[in-house]
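Reading the structure
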Amino acid sequence: MAEQLFRLKTGLAEMLKGGVIMDVINAEQSRIAEEAGAVAVMALERVPADIRKEGGVARMASIQVIRAIQKTVSIPVMAKVRIGHAAEAQVLQALEVDYIDESEVLTPADEEHHIHKHAFGVPFVCGARNLGEALRRIGEGAALIRTKGEAGSGNVVEAVRHIRAIVRDIRRLATLPEEELMSESKKMGAPFELVRMVARDGRLPVPNFSAGGLATPADAALVMQLGAEAVFVGSGIFKSTDPERRAKAIVKAVTHYNDPAVLLECSEQLGEAMRGLDVASMDEKDLLQTRGW
Amino acid sequence: MAPVGILAVQGDFQAHGKALDRLGTAWRLVKKPSELNGLSGLILPGGESTTFLKFLQEEAWFEPIRRFASSRPVFGTCAGAILLAEKVENPSQDSLGLLHVTVRRNGYGRQLSSSVQTVEAEPELQIGPEAGAPLEAVLIRAPVILRAASQVRVLARLHGQAVLVREGTVLAGTFHPELTSDGRVHRYFCGMIADGN
């Protein structure tokens, strides 16, 4: 029974592969996202760029807004909860959202523990910066992993760092002899059985998407070329000057991520991308990716 | 046999590739209409039907797929089945109209209503090493076939309702045989190709 439930959770993620999941804060944005070809929308109270600017506590989106989004679109509706906030997740499950993102973009509710996600019927996606973190989240029941990147920065550098780290660690594990896996499990702080599984299969046991700072069609194509199986775009769309066009262009770029002629077409006449931040010069305390462990 | 094409706009196209690998059937991914040339059959995988639809409309795929289906087998699962249908509800949307059925999107509800079920399969699906075993259907935000024209053959049912159907060269399932290791549905599709229809 538990195994079947997990198959259904990862099964929905399989259906999202090769697609773009877009952050939306109201029904109108969700309509634009669906019209542009998004495979799902992610409901949240404010996009990461605004959370960063305005500060304060960022919580799950208002129920009214999520309901309005559910009424507006026929694609899956995801919503974010604070790290460790099981009660917010229970509320979203009762609302029958299709996926829950236990997200570092919101203000963490628990600085030590993430949600026990196996206890839910709704699937969860979680962020990770490296393979150990990805496997800890999967151990807790996440059915989909995304890179954390640096949300709201409009800068792809962290998403690239994280997808490279995850893919590199997977490749490395696959070359190790069985007797070295326990020590790897200890070093990574990851469940031994999952480490063995990755070493045996040469891939994560759940789909592996990318998120955090993607702002252009070329950014999306880059993380796909590096091994991501789909992308989340947050502030990048609705903080640009022409969201409809940019959303469509990013969708097309993800399908044709290996076709430079199509990428050129996608990259033309897009209006201005969001401004973006230099992550390297940011204070540690301003980083969202260090939330969770 | 020429390879089978798998539409790779988005969705679980790789899972279909693995299912064909297990049967030793050659395949390749298709992202442009011109790539339909030289294929023996075409699979429209699971994914999001609205995303597929925008893509197929914008890149002028409707006529090439219809022409393809007039002489070679096409198989759609879940979103693929929605695209093949004559009529789509919840919401109403455009479709290829190659299969005379009416489907209702998200017919069972949202993700919490997704399930794995055992379905009743017709004798012609009882082929290969799994013959006779129960046929498992993975239903993920699955559509429901509300009505089917008389020329549509029902190959599998769940609680009396059609979940796998065939009309001439077109095969469609509301579930995902590509997400199980049971090769019967893909084997049946390869049989349609081998029979030359």
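Residues numbered from 1 in each chain as written. Chains lettered and ligands numbered in written order. Predicted model: local features only at pLDDT ≥ 70, side-chain atom pairs only at ≥ 80, totals over all residues. Heavy atoms only, no water.

Here we come to the overall build of chain A. Looking only at helices and strands, chain A features 13 helices and eight strands. Here the C-alpha radius of gyration of chain A, 18 Å, is about what a compact globule of 293 residues would show, namely 19 Å. Principal-axis analysis of the C-alpha atoms gives chain A an extent of 55 × 45 × 40 Å. Surface accessibility of chain A: about 11,600 Å² in total, with carbon and sulfur atoms responsible for 50%. One way to put it: in chain A the 36 positive side-chain charges average out to a point 1 Å from where the 41 negative ones average out. (Helix = DSSP H or I, 4+ residues; strand = E, 2+ residues; numbered from the N terminus. Rg over C-alpha atoms; globule rule 2.2 N^0.38 Å. Areas by Shrake-Rupley, 256 points an atom, 1.4 Å probe, with all protein chains shown as cover. Lys, Arg positive; Asp, Glu negative; His and termini not counted. Charge placed at Lys NZ, Arg CZ, Asp CG, Glu CD.)

Counting residues at the interface gives 34 residues for chain B, matched by 34 residues for chain A. Each partner contributes to the roughly 2,800 Å² buried at the junction of chain B and chain A, and carbon and sulfur atoms together form 55% of this total. The shortest N-O distance in the salt bridge between E136 of chain B and R7 of chain A comes to 3.2 Å. Counting every contact that joins chain B to chain A gives 16 residue pairs in polar contact (both at pLDDT 80 or more). Counting residues per element, the ones that place at least two in the side of chain B that touches chain A are α2 (49-58), β7 (115-121) and β8 (135-139) of chain B. Top contributing element to the side of chain B that touches chain A by residue count: α2 of chain B, with five residues. Looking at the side of chain B that touches chain A residue by residue, the classes come out as ten nonpolar, twelve polar and twelve charged. (Contact = heavy atoms within 4.5 Å. Buried area = accessible area lost by both parts, 1.4 Å probe. Salt bridge = Lys/Arg side-chain N within 4 Å of Asp/Glu carboxyl O. Polar contact = N/O pair within 3.5 Å; in protein donor to acceptor, adjacent residues only side chain to side chain. Nonpolar A, V, L, I, M, F, W, Y, C, P; charged D, E, K, R; others polar.)

Among the nonpolar cores identified, the biggest contains 46 residues, and M22, I66, L92 and V231 of chain A are the most heavily contacted of them. When neighbours within four sequence positions are excluded, M22 of chain A is seen to be in contact with A33, A36, A38, A40, V41, M42, V233, I237, A247 and V251 of chain A. (Core = buried A, V, L, I, M, F, W, Y, C linked by side-chain atoms within 4.5 Å. Buried < 20%, exposed > 50% of the residue type's maximum accessible area, 1.4 Å probe, protein only.)

Time to look at the sheet that holds strand β8 (residues 231-233) of chain A. Residue and element names in this part refer to chain A. With parallel pairing, the eight strands of this open sheet are ordered in space as β7-β6-β5-β4-β3-β2-β1-β8. Among the strands making up the open sheet, the edge pair consists of β7 (208-209) and β8. Taken together, the four bridges between strand β5 (residues 124-128) and strand β6 (residues 144-147) define a ladder with parallel strand orientation. In the strand pairing of β6, C126 is matched with I145. (Pairing = 2+ DSSP bridges.)

Scanning all chains against the criterion turns up 40 salt bridges over all chains. A salt bridge links E178 of chain A to R196 of chain A; its shortest N-O distance comes to 2.9 Å. Highlighted residues: E178 of chain A in the loop between α7 (157-175) and α8 (181-188) and R196 of chain A in helix α9 (residues 192-201), separated in sequence by 18 residues. Given the relative accessible area of 46%, E178 of chain A is considered partly exposed. Of the charged contacts, one joins K32 of chain B and D259 of chain A as a salt bridge, the two residues approaching to 2.8 Å between their closest N and O atoms. With K32 of chain B in the loop between β2 (27-30) and β3 (41-44) and D259 of chain A in the loop between α12 (243-255) and α13 (260-267), this residue pair bridges two chains.

Bringing α2 of chain B into the picture now. Each α-helix winds once per 3.6 residues, and so residues spaced three or four apart point in a common direction. Burial runs high along α2 of chain B: seven of the ten residues are buried. Every buried residue belonging to α2 of chain B is among S49, T50, T51, F52, L53, F55 and L56 of chain B, and all of these are buried.

Next up on the list: the environment of G234 of chain A. All names here are of chain A. Note on placement: G234 falls in the loop between β8 and α11 (235-238). Overall, the relative accessible area of 18% leaves G234 in the buried class. Expressed as a C-alpha distance, the spacing of G234 and P217, which sit 17 residues apart in the sequence, is 13 Å.

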